[in-house]
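Letter by letter, the chains look like this.
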Amino acid sequence: MLKPLPWQEDLWLRVTTLVLQGRLTHALLIAGPRGVGKRHFAKALTAFILCETRSGFACGQCRSCLQFVAGHHPNAVSLQREVDEKTGKEKRDIGIEQIRELGERLALSSHYGQAKVAVVDPVDALNLNGSNALLKTIEEPPANSHLILISERPQALPATLRSRCQRLRMAAPAREQALAWLGDSADAADALTQAHGAPLRARELLDSEHLQRGRKWA
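Note that the structure is a prediction, hence the values are computed from the model and not measured.

**Student:** Just to check I follow, could you spell out the pairing of strand β4 (residues 145-151) for this structure?
**Tutor:** Two faces, one strand: in a regular strand the side chains alternate between the faces of the sheet. Most of β4 is tucked away, with 7 of its 7 residues classed as buried. Neither face of β4 is exposed, since S145, L147, L149 and S151 on one face and H146, I148 and I150 on the opposite face are all buried. Across 5 bridges, strand β1 (residues 27-31) lies against β4 in parallel orientation. Considered in β4, the bridge of I30 is made with I150. Pairing of strand β3 (residues 116-120) with β4, which is carried by 5 bridges, proceeds in the parallel orientation. Its bridge partner lying in β4, V119 is registered against I148.

Put into structure tokens, the structure is as follows:
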């Protein structure tokens, strides 16, 4: 079952209420610093929108949930930077062709009578042409579709794009709440300080530190 992180519960309740009432906006912009759980929230929300027997969260057991977790739900689209075949590294931009393909997929008929959900991550990786193409999709949205845009630098987006999205601001939680999630230890407290209060970034630091310790004794 995909659930929001503990510090996201209030935001989760607000957004999922809109889903249940059929009032969720076409374009959501989830903005916040690295490591506060933007992508986790987007994934949980996508699962919730697609779930066939949802209650407070996606059930995790229905046909749609199983397909989504397996990564091949026909109504879910994930758009990220492509990998350059020559260098093996991610390209700097999300290209306009990717946005056009996204628009074409959203225009197709949905399966199971559900909404279609597309996550663009990070949306600030769009170049100007890509931003304009995405703006057109937002201004003329395909029926029963939702765009979830993720950004650590929303100020880098064109004002015309930002103004047409509902922004969800995701900040770092209170230190006590973050430590309760990480495990209240001296190492966790130090990692959280280094991560400027971002719990998922702190978890990365802790995992990296544990890996390094393991290598010393290998």
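**Student:** How do you make sense of the side chain of D124 when you look at a structure like this?
**Tutor:** Inspection of the secondary structure assignment puts D124 in the loop between β3 and α5 (128-139). Here the side chain of D124 touches S151 through a polar contact of 2.5 Å, side chain to side chain. Leaving out residues up to four positions away in the same chain, D124 has contacts with I150, S151, E152, R153, A156 and L157.

**Student:** Would you take a moment to explain the sheet that holds β3 for this structure?
**Tutor:** The strands making up a sheet associate through backbone hydrogen bonding, with each pair oriented either parallel or antiparallel. Spatially, 5 strands are ordered β2-β3-β4-β1-β5 in an open sheet, and the strand pairing comes out parallel. The sheet terminates laterally at β2 (76-79) and β5 (166-169), the two strands that pair on one side only. Within the sheet, the average angular offset between the axes of one strand and its neighbour, ignoring direction, is 20°. Direction of pairing for β1 relative to β5: parallel, over a ladder of 4 bridges. Residue L29 lies in a different strand from β5, and its bridge partner there is R167.

Conventions we followed
- Residues numbered from 1 in each chain as written.
- Predicted model: local features only at pLDDT ≥ 70, side-chain atom pairs only at ≥ 80, totals over all residues.
- Heavy atoms only, no water.
- Buried < 20%, exposed > 50% of the residue type's maximum accessible area, 1.4 Å probe, protein only.
- Helix = DSSP H or I, 4+ residues; strand = E, 2+ residues; numbered from the N terminus.
- Pairing = 2+ DSSP bridges.
- Polar contact = N/O pair within 3.5 Å; in protein donor to acceptor, adjacent residues only side chain to side chain.
- Contact = heavy atoms within 4.5 Å.
- Axes fitted to C-alpha atoms, helices over the stretch in contact; angles between N-to-C directions.

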